[in-house]
Amino acid sequence: MKKILVTGALGQIGSELVIKLRDLYGADQIVATDIKKHDDSVIVQAGPFELLDVTDGKTMFELAKKYQVDTIIHLAALLSATAEAKPLVAWNLNMGGLVNALEVARELGSQFFTPSSIGAFGPSTPKDNTPQDTIQRPTTMYGVNKVSGELLCDYYFHKFGVDTRGLRFPGLISYVAAPGGGTTDYAVEIYYEAIKKGRYTSYLGKDTFMDMMYMPDALNAIVALMEADASKLKHRNAFNVTAMSVDPEAMAAAIRMHIPNFRLEYSVDPVRQAIADSWPNSIDATAAREEWGFKTDYDLARMTEDMLVKLREKLAQTVSL
Ligand code: SER
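Here goes a summary of the coordinates provided.

Turning our attention to the layout of surface pockets. Within this model, the second largest pocket holds a volume of roughly 190 Å³. For the second largest pocket, the full set of lining residues is Leu10, Ser15, Ile19, His38, Asp40, Ser41, Val42, Ile43, Val176 and Ala177. Put simply, the parts of the chain that give the lining of the second largest pocket at least two residues each are α1 (14-25) and α2 (42-45). In terms of residue class, the lining of the second largest pocket is built from six nonpolar, three polar and one charged.

Mapped onto the secondary structure, Ala177 falls in the loop between β9 (171-173) and α7 (186-196). Given a relative accessible area of 13%, Ala177 falls into the buried group. Between the alpha carbons of Ala177 and Ile13 there is a distance of 7.8 Å; along the sequence they are 164 residues apart. The contacts of Ala177, once residues within four sequence positions are left out, are Gly11, Gln12, Ser15 and Glu16.

Attention now moves to the side chain of Gln111. Here Gln111 shows up in strand β5 (residues 111-113). There is a polar contact of 3.0 Å between the side chain of Gln111 and the backbone oxygen of Met226. If near-sequence neighbours (up to four positions away) are discounted, Gln111 is found in contact with Met1, Asp70, Thr71, Ile72, Asp163, Arg165 and Met226.

Turning to the pattern of salt bridges, a few remarks are in order. Scanning the model with the defined rule gives 13 salt bridges in all. In this structure, Glu62 and Lys58 form a salt bridge, with 3.2 Å as the shortest nitrogen-oxygen distance. You can see Glu62 and its partner Lys58 sitting in helix α3 (residues 57-66), four residues apart, about one turn around the helix. One salt bridge connects Lys310 with Asp306, and the closest N-O pair in it is separated by 2.9 Å. One end of the pair is Lys310 and the other is Asp306, both in helix α12 (residues 300-320) and four residues apart, which spans about a single turn. Note on Asp306: relative accessible area 18%, which makes it buried.

Parameters at a glance
- Residues numbered from 1 in each chain as written.
- Predicted model: local features only at pLDDT ≥ 70, side-chain atom pairs only at ≥ 80, totals over all residues.
- Heavy atoms only, no water.
- 1 Å grid on protein atoms, 1.4 Å probe; cavity = no way out; pocket = protein on both sides within 12 Å on 5 of 7 lines; lining within 4 Å.
- Points joined across faces, edges and corners; volume = space filled by probe spheres on them.
- Helix = DSSP H or I, 4+ residues; strand = E, 2+ residues; numbered from the N terminus.
- Nonpolar A, V, L, I, M, F, W, Y, C, P; charged D, E, K, R; others polar.
- Buried < 20%, exposed > 50% of the residue type's maximum accessible area, 1.4 Å probe, protein only.
- Contact = heavy atoms within 4.5 Å.
- Polar contact = N/O pair within 3.5 Å; in protein donor to acceptor, adjacent residues only side chain to side chain.
- Salt bridge = Lys/Arg side-chain N within 4 Å of Asp/Glu carboxyl O.

Read these as spatial facts, not as claims about activity.
Shown next as structure tokens:
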């Protein structure tokens, strides 16, 4: 990774990954792209930024060629709940964008990363300690996109020799960019509401366990996988990674260590509950640990402490503006 093009750079992962990559490899080496442009964003101001609709493969190729990129990190996609509400839009964006990005990587010989998800599993997948290699018959459009994407990335590796690599991310938690349209979003919203109101109404019910990870660990995992020795990789698309398996009660208990009167209530959204119920309770990340040294720094307690401190600072700044 020396010159990297990032799609979806203003999204949930991109907003922080671009900053990390610019720190590691140099600001001019990271070409951030997104379908929208926020002129006041540090991503737009602190290095190359280009407008890009990922369904426009020609422009994507021209930009990648112009900047002579050797790596493509393709993040632009719709998350699960939005994809379920607009399945055809999701198919066209998630799959159309991916195949365009893979084609650019093939033509330029670039290394390639795109995230998969716990959404790539379905109701017939073993729910606990879900293995790396197992049944993948998801029942959501997002999951169909993710499994198809994993297969397509493996195909580009075997057929064309494109160095494709991917991670099956769990719910990602951060105080920087809000996710939007995902099933795991409650695990971010709960912190905002805990600080603002001292209570939160969860759209997922009690005992809904899913894997989560703090964003700094997710960013480290992307860099570690992309820097990993290719000869050590038995898998490629995509590795199970996780830091914790939690339900709303566990999150509330962690928050109460800092905000003792925090109240958790429930008003279950059947659509997102059905999606969550079709996903694993906990996944097994042994392959990632063994093949490229995956590790995390944050468990639920440590993440909660950091989230509350950083979010309080952020919300105080917003209020004082
Ligand atoms: N966070 C994603 C979602 O909820 C899962 O990959 O859609």
